[in-house]
Amino acid sequence: MPLALLALAVGAFGIGTTEFVMMGLLPDVATDLHVSIPTAGHLVSAYALGVVIGAPLLAALTARMSRRTVLIGLMALFVAGNALSAFAPGYDSLLAARFLSGLPHGAFFGVGAVVATNMVAPERKARSVSLMFLGLTVANIAGVPVATLMGQHLGWRATFLGVSTIGLAAIAALALLIPHDHTQAPAAGLRRELGALRSLPVWLALGTTVAGFGALFSAYSYITPMLTDAAGYAETSVTLLLALFGVGATIGNLLGGRLADHSLRGTLFGGLVSLAAVLALFPLLMSAQWSAAIAVTLLGAAAFVTGSPLQLMVMEKASAAPSLASSANQAAFNLANAGGAWIGGVALAAGFGVTSPAPAGAMLAVLGLGVAAVAYAVDRRRTLPASARERVVASHVPERSSSPSGV
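Residues numbered from 1 in each chain as written. Predicted model: local features only at pLDDT ≥ 70, side-chain atom pairs only at ≥ 80, totals over all residues. Heavy atoms only, no water.

Enquirer: Lay out the packing of aromatic side chains in plain terms, naming residues and giving numbers.
Expert: Inspection of the entire model under this criterion finds nine aromatic pairs. Between the aromatic rings of Phe108 and Phe109, the centroid separation amounts to 6.1 Å while the plane-to-plane angle is 85 degrees, which identifies the pairing as edge-to-face. Taking the relative accessible area as the measure of exposure, Phe109 reaches 0% and is therefore buried. Plain terms: the ring middles of Phe109 and Phe133 are 5.5 Å apart, the flat faces sit at 45 degrees to each other, and that makes the pair tilted. Pair noted here: Phe109 is in helix α5 (residues 91–118) and Phe133 is in helix α6 (residues 125–154), with a separation of 24 residues, a long-range link. Note on Phe133: relative accessible area 8%, which makes it buried. Within the aromatic cluster, the residues linked to one another by ring pairs are Phe213, Phe217, Tyr220, Phe245, Phe304 and Phe333. (Phe/Tyr/Trp six-rings, centres within 6.5 Å; stacked < 30°, edge-to-face > 60°. Buried < 20%, exposed > 50% of the residue type's maximum accessible area, 1.4 Å probe, protein only. Helix = DSSP H or I, 4+ residues; strand = E, 2+ residues; numbered from the N terminus.)

Listed below in C-alpha cells is the structure:
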C-alpha cells in the first residue's frame, strides 16, 4: 500500500476527532457561553448540516480541479473552521464556525477515496479505502478521549486549537506524500457530474448507507444511558467503553476492506446481518457489565465492516462522477446520524425502556439489508442483457447476432 494513504489517514483522524469531540465538551461549552445543554447540542447539528450541504456541493464545484489540490484546499478550510471555533466570541459565531468546519468533511472523504483507489491495483481498492477510514476509527480510540481531556483541563478552546494543529500536519503530509500523477480529475462538465447521480443503483447504494448507519446511530446516540442505567457502569467509565467502540470499529473497518476486495456484496450483506443481530441482542447483553463491554465492541465492528464496501459500491455505480458520488455517500452517512438518533429517541420517548433504541436500530439494519437486496436484484437485471449478448456473439449464429430489443 502506498505511503500516501497515511496522509489521507491523518486528515481523517483530524476530521473524526473534531466531529465526535463536541459530544464530550457540551457541558463545558454550555457553561462558558451561558446557554443550556440542549441549545449547545445544536453545535453538533450545525456540523452535521455542514457535512450534508458541503459534501456534494464542494465535490461538484471542484470536479475539474486536481484532486491533490482539492484535498489540500479542503483541509485548509477545515483548519480555518476549527481555528475560528477556538476564537469564537459567542454562541452564534461558534455555531457558524462549526458549520464551516463541517463543510469540507464529506468532500475530503469522497475525493480521498477516489485518490486512494487510483493509487492501488483493482484487487486492493476496498483495502485502500479502509486504510483512509482508519484515521476516522482511530480518532475514536485516541483522538476523541485525548481531545476531551484537553478540553476539560485546558478549556474547550484549546481542543479546537489542537485539532487545527492536526489539520496543519495533514496539509503537510498531503503536500509531501500525495503524488501529482493519478490525481487529475477527468474533464467532465458539472452537468455530467450531476447526471451520474440520477442512476437508480447509486440511490439504492446511498439508501443502504442511510439505513445501515442509521441503525448504528439509533443505538450509539444513547449508548451512555444504556451503559449507566442498564449495565450499571459509573459515568467515569463511559469514556473507556467508548474507546472499546473505537477498537471494534477499527477492527471492523480493516476486516471489511480486506473481505470486500474478495466479495463486495457478500461483505455488505454479512455486515448488515451481523449489525442487526448485535442490536437485537443488545438488551440482553446490557444486563451485565462484562457482556455490555463486549456488546459495545461488537457494535463498532459490525457497523464499520460495511463502511468500505458501501463507499466503493457508490463509486462504482457512478463511475462518471466518483468524487461527487463518494462525497454524497458521506452526506448520507450524516443523514443516518441524524435520522438514527431521532428514531432511537422516539423509542425512548414511547417508554419502551433505556435499551429500546437498539432493537429499533436492528429494524433499520434489516431495512438496509432489504434495500441492498433490491440493489442486487436491479444490478442482476441490468447485467443479464449484456451477458446474453455476449453468449449470442460467442455462438456465431448470424440471425441472433444483433442485440435484443430494448437494450
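Enquirer: So, unusual backbone geometry: which residues are in play, and what are the values?
Expert: Residues other than glycine seldom take positive phi values, yet His34 does so here, at roughly 60 degrees. Examined against the element boundaries, His34 turns out to sit in the loop between α1 (4–33) and α2 (37–40).

Enquirer: Can you break down the environment of Asp229 residue by residue, with the values?
Expert: Examined against the element boundaries, Asp229 turns out to sit in helix α10 (residues 223–230). Remark: the alpha-carbon pair of Asp229 and Met286, spanning 57 residues in sequence, is separated by 9.4 Å.

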